[in-house]
Amino acid sequence: LALTRLRKYNPDDPHTGLMEALLTNSELGEVDRMYLSFALAKVYEDVGQYDGSFSYLEKTNPLCSQGLNYSIDNDRHLFVRIKEIFSAESVPLDDVPDESPSIQPFFIIGMPRSGTSLLEQILASHSKVHGAGELKAISKLASPIISGNSDEDFNQDKAVLSPNKIASLRNGYLESLAALNVPETIIVDKMSGNFRFVGLILSAFPNAKIIHLDRDPIATCWSIYKHFFASKGNGYAYDMDNLAEYYGLYRGLMSFWRELFPESIYELCYEDLTENQEEQSRRLLEFCELDWEEQCLDFYKTERAVQTASAVQVRQKMYKGSSEAWRKYENHLQPLINGLQN
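Residues numbered from 1 in each chain as written. Predicted model: local features only at pLDDT ≥ 70, side-chain atom pairs only at ≥ 80, totals over all residues. Heavy atoms only, no water.

J.: What is the right way to read the pairing of strand β4 (residues 209-214) from this model?
T.: Consecutive side chains of a regular strand alternate in pointing toward one face of the sheet and then the other. Taking burial as the measure, the six residues of β4 include five buried ones, the bulk of the element. As paired strands, strand β1 (residues 104-110) and β4 are joined by five bridges and run parallel to one another. Note on β4: the bridge partner recorded for I108 is I211. (Buried < 20%, exposed > 50% of the residue type's maximum accessible area, 1.4 Å probe, protein only. Helix = DSSP H or I, 4+ residues; strand = E, 2+ residues; numbered from the N terminus. Pairing = 2+ DSSP bridges.)

J.: Mind showing me how you'd approach unusual backbone geometry here?
T.: Note: most residues except glycine have negative phi, and most peptide bonds are trans. Here the phi dihedral of R113 falls at roughly 65°; this positive angle occurs in a residue that is not glycine. Of note, R113 is situated in the loop between β1 and α6 (116-124). The backbone of N181 shows a phi angle near 55°, a positive value even though the residue is not glycine. Of note, N181 is situated in the loop between α9 (163-178) and β3 (186-189).

J.: What is the right way to look at the pattern of salt bridges in this model?
T.: A side chain of one charge can pair with a side chain of the opposite charge if their charged atoms are brought near each other. This model, assessed by the stated rule, comprises 13 salt bridges. The partner of K42 in a salt bridge is D46, and the shortest N-O contact between them spans 2.7 Å. Of this pair, K42 and D46 are both found in helix α3 (residues 30-46), four residues apart, which corresponds to roughly one turn of the helix. With a relative accessible area of 22%, K42 lands in the partly exposed category. Note on D46: relative accessible area 15%, which makes it buried. Each of D73, R76 and E245 takes part in a single network of salt bridges with overlapping partners. (Salt bridge = Lys/Arg side-chain N within 4 Å of Asp/Glu carboxyl O.)

J.: Help me understand the packing of helix α11 (residues 217-225) against helix α12 (residues 240-260), please; the structure alone is not making it clear to me.
T.: Each packed pair of helices is defined by two parameters, the angle between the axes and the distance between the axes. At a minimum axis separation of 11 Å, α11 and α12 run at an interaxial angle of 130°. By the angle class used here, α11 and α12 are oblique. Considering the relative orientation of α11 and α12, their crossing is right-handed. Where α11 abuts α12, its residues P217, T220, C221, I224 and Y225 lie against M240, L243, Y247 and R251. Here the residues of the contact of α11 with α12 sort into seven nonpolar, one polar and one charged. (Axes fitted to C-alpha atoms, helices over the stretch in contact; angles between N-to-C directions. Parallel < 35°, antiparallel > 145°, perpendicular 65-115°, else oblique. Left-handed = near helix turned anticlockwise from the far one by under 90°. Contact = heavy atoms within 4.5 Å. Nonpolar A, V, L, I, M, F, W, Y, C, P; charged D, E, K, R; others polar.)

J.: Just to check I follow, could you spell out the sheet that holds β1 for this structure?
T.: Whenever strands of a sheet pair, they do so through backbone hydrogen bonds, lying parallel or antiparallel. Reading across the sheet, the five strands line up as β2-β3-β1-β4-β5 and stay open at both edges, with parallel pairing between neighbours. Strand pairing shows two members of the sheet lacking a second neighbour, β2 (129-131) and β5 (265-269), which therefore form its edges. Averaged over all adjacent pairs, the angle separating strand axes in this sheet is 25°, with direction ignored. Where β4 and β5 come together, five bridges link them in parallel fashion. By the bridge assignment, L213 is partnered in β5 with L268.

This is how it looks when you write it as structure tokens:
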């Protein structure tokens, strides 16, 4: 699977036959079968056989969903809980230390597959910025605060955040950034799922730079659906109904944050970035209070480790039109399209 992401296949590539033969092996484990199916979906897409590509996804995605035992109910509950907490008047937004930390965090948020790796690469091309990739620290520190440590805590502390909890998150996150031991004092965290924790981030870091990257809904969800995620945190990805509903939950929560923090979140459209690279890049750096540097336009030349599936794309020049790729599969995507329109 990793190999197929690194190259573009042609119709007579011998790897295709080998993978198809492996897939017929009855002794093949379920995980290996999933990897091969996603790989073959990529191969068939490369050679323009879109029906064949989708057929592999259609077979393997339900297996992924079943294996994770995902329920959208848990995310419905989580998003309601978040809104309950931050609708309360008792949220201690002003109870953080006045001093600025020596390390300044930037957060790129949104949905997976919305261009967050590209955006991080642009910022990380700046001489003062370190791109740290997808850090798990915020989720690890924030999840117990949001969910409560027990049913009793949930019932008794339903809409209250204590200054101690905020301070603990702040200190814990700064420690995790310091542990990276990099010379730059501005560190970008591109864990897109941190959109769930915007309220906590701004409670702990009122001056944090938060950049929300928005992409065409169908393009985003299609890219998610055809992608195998190594982590188990995207269980909604493998079922079109779940995917469409989760996307709706995300959009609803982002609207909630924009109402609550209208000046604190920078909105950037992926399609606008690809159509007007320099203009959008200049505006972005201005929001980030960074001086303009030409190398941010030549981000594809920046040498740094990229751990996500977009590692190949960020080594290439900006290209347009990727948000239209889903149209080749339109006849297969009606459940997703209908769900996003509801």
